[in-house]
Every structure is written in structure tokens, then in C-alpha cells.
Amino acid sequence: MCDALSRNIPKLPGGVEILLANCLAHGRRHFVEVTPNFPGECRYALEMLGQVYGHDAEAREGGLTAEERLRFHQEHSAPVLEKLHAWLETQFDERKVEPNSGLGTAMTYLLRHWNRLTLFLRQAGARWTRTSWSAP
């Protein structure tokens, strides 16, 4: 798990594969930084991401195994993130946001790295922030 900077992706010899996850906190931070200029839109995105953080806290407090946590996030976080993803795409499709604006950049970051940002919905034990955990 790392941020999405290309220099953080390891160079591997042929035949070696890794599962690479990106840190959702970095995507969140982009919205935090532009909140003063786009308060409504950022509030929506941050509240959606906040629900995912809440679900992870609930899973942690419940002492779930990595497999149980995966199923919990699939049930609770996946619908939230699907809704967020659809909203992000709609903002661009309906030209509600300028792609080069601070908000457009924050949205583009999430969309561009969506697969790696949401690996924790498909892979047991995958981390999604520096503070997320992996059960033993």
C-alpha cells in the first residue's frame, strides 16, 4: 500500500507480481485541501469517505478476521463507494465541474486510481490507509 506516485511502484523482475493498493487517505486529502473553494461538493465526498472510515472502525472494534472484514466492507462500504464513484463520473459527464479546477483534480485522482484505492473490497487483508489494519 502506498500513495499513487509512480516512483512508489516497485520495479519487479519478470514473473513477479504484487497486489498494489493506493492509500484512500491521499484521495481524501485532495478534497480537504479544496474544501474552502468547493464546500458543498467536498462535504459530500468527505461524508461518503467518512462512512467507509466508520465501517472500518466498526470492523476493528468487532475484532474481525481479514476474511470477515472483507465481507463486512463488501456489504457496507462497497455500496457507499459505488454511489461515490457514480457521483464523481456524473460531475464530469454533466460538466458540473471543471477538470482543471482543484475540485476536478481531486475527483480525477479518485477516478484514475479507483481500482487500487478499493482493493480492500476485493482482497482480504488489503490495507487502504496507513491507519487501516490487517487482522492476524
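Above: the structure in question.
Residues numbered from 1 in each chain as written. Predicted model: local features only at pLDDT ≥ 70, side-chain atom pairs only at ≥ 80, totals over all residues. Heavy atoms only, no water.

## Some words on the nonpolar core
- Counting residues in each nonpolar core, the largest one holds 28 residues, and the members touching the most others are Phe-31, Leu-81, Leu-84, Leu-88, Met-107, Leu-110 and Phe-120.
- Those elements that place two or more of their residues in this core are helix H1 (24-34), helix H2 (39-61), helix H3 (66-93), helix H4 (102-112) and helix H5 (114-117).
- Sequence-distant contacts of Met-107, defined by excluding residues within four places in its chain, comprise Phe-31, Trp-87, Leu-88, Gln-91, Phe-92 and Val-97. (Core = buried A, V, L, I, M, F, W, Y, C linked by side-chain atoms within 4.5 Å. Buried < 20%, exposed > 50% of the residue type's maximum accessible area, 1.4 Å probe, protein only. Helix = DSSP H or I, 4+ residues; strand = E, 2+ residues; numbered from the N terminus. Contact = heavy atoms within 4.5 Å.)

## Comments concerning H3
- The largest bend along H3 measures about 45° and falls at Ser-77, with the proline Pro-79 one to four residues further on.
- Phi turns positive one or two residues past the end of H3, at Arg-95, with a value near 55°. (Bend = angle between axes of the 7 residues up to and from the residue.)

## So, the environment of Gln-51
- Within the fold, Gln-51 resides in helix H2.
- On the basis of relative accessible area, Gln-51 is assigned to the partly exposed category, the value being 37%.
- In the structure, Gln-51 is positioned 30 residues away from Leu-81 in sequence and 9.3 Å away in space, judged by C-alpha atoms.

## A look at the pattern of salt bridges
- Within the structure shown, the criterion is met by six salt bridges.
- With a shortest N-O distance of 3.2 Å, Arg-69 and Asp-56 are connected by a salt bridge. Taken together, the residues Arg-69 in helix H3 and Asp-56 in helix H2 connect sequence positions 13 residues apart.
- Accessibility expressed as a relative area gives 2% for Asp-56, which makes it buried. (Salt bridge = Lys/Arg side-chain N within 4 Å of Asp/Glu carboxyl O.)

## Some remarks on the packing of H3 against H4
- Axis separation between H3 and H4 bottoms out at 10 Å; the angle between their running directions is 130°. One element, H3, and the other, H4, form an angle in the oblique class. As H3 packs across H4, the resulting crossing turns out to be left-handed. Of the residues in H4, those in contact with Leu-84, His-85, Trp-87, Leu-88, Glu-89, Gln-91 and Phe-92 of H3 are Gly-104, Met-107, Thr-108, Leu-110 and Leu-111. (Axes fitted to C-alpha atoms, helices over the stretch in contact; angles between N-to-C directions. Parallel < 35°, antiparallel > 145°, perpendicular 65-115°, else oblique. Left-handed = near helix turned anticlockwise from the far one by under 90°.)

## So, the packing of H1 against H2
- Here H1 crosses H2 at 150°, and the two axes come no closer than 9 Å. Taken together, the axes of H1 and H2 are roughly antiparallel relative to one another. At the point where H1 passes H2, the crossing takes the left-handed sense. Between H1 and H2, the residues in contact are Leu-24, Ala-25, Arg-28, Phe-31, Val-32 and Val-34 and Cys-42, Ala-45, Leu-46, Leu-49 and Tyr-53, respectively.
- Here the contact of H1 with H2 is built from residues that sort into 10 nonpolar, no polar and one charged. (Nonpolar A, V, L, I, M, F, W, Y, C, P; charged D, E, K, R; others polar.)

## Re H2
- Compared with an ideal rise of 1.5 Å per residue, which puts 23 residues at 33 Å, H2 spans 31 Å between its outermost C-alpha atoms and is within 8% of the ideal.
- Every buried residue belonging to H2 is among Cys-42, Ala-45, Leu-46, Met-48, Leu-49, Val-52, His-55, Asp-56 and Ala-59, and all of these are buried.
- Of the residues one or two after H2, Gly-63 is the one with positive phi, at around 65°. (Expected span 1.5 Å × (residues − 1).)

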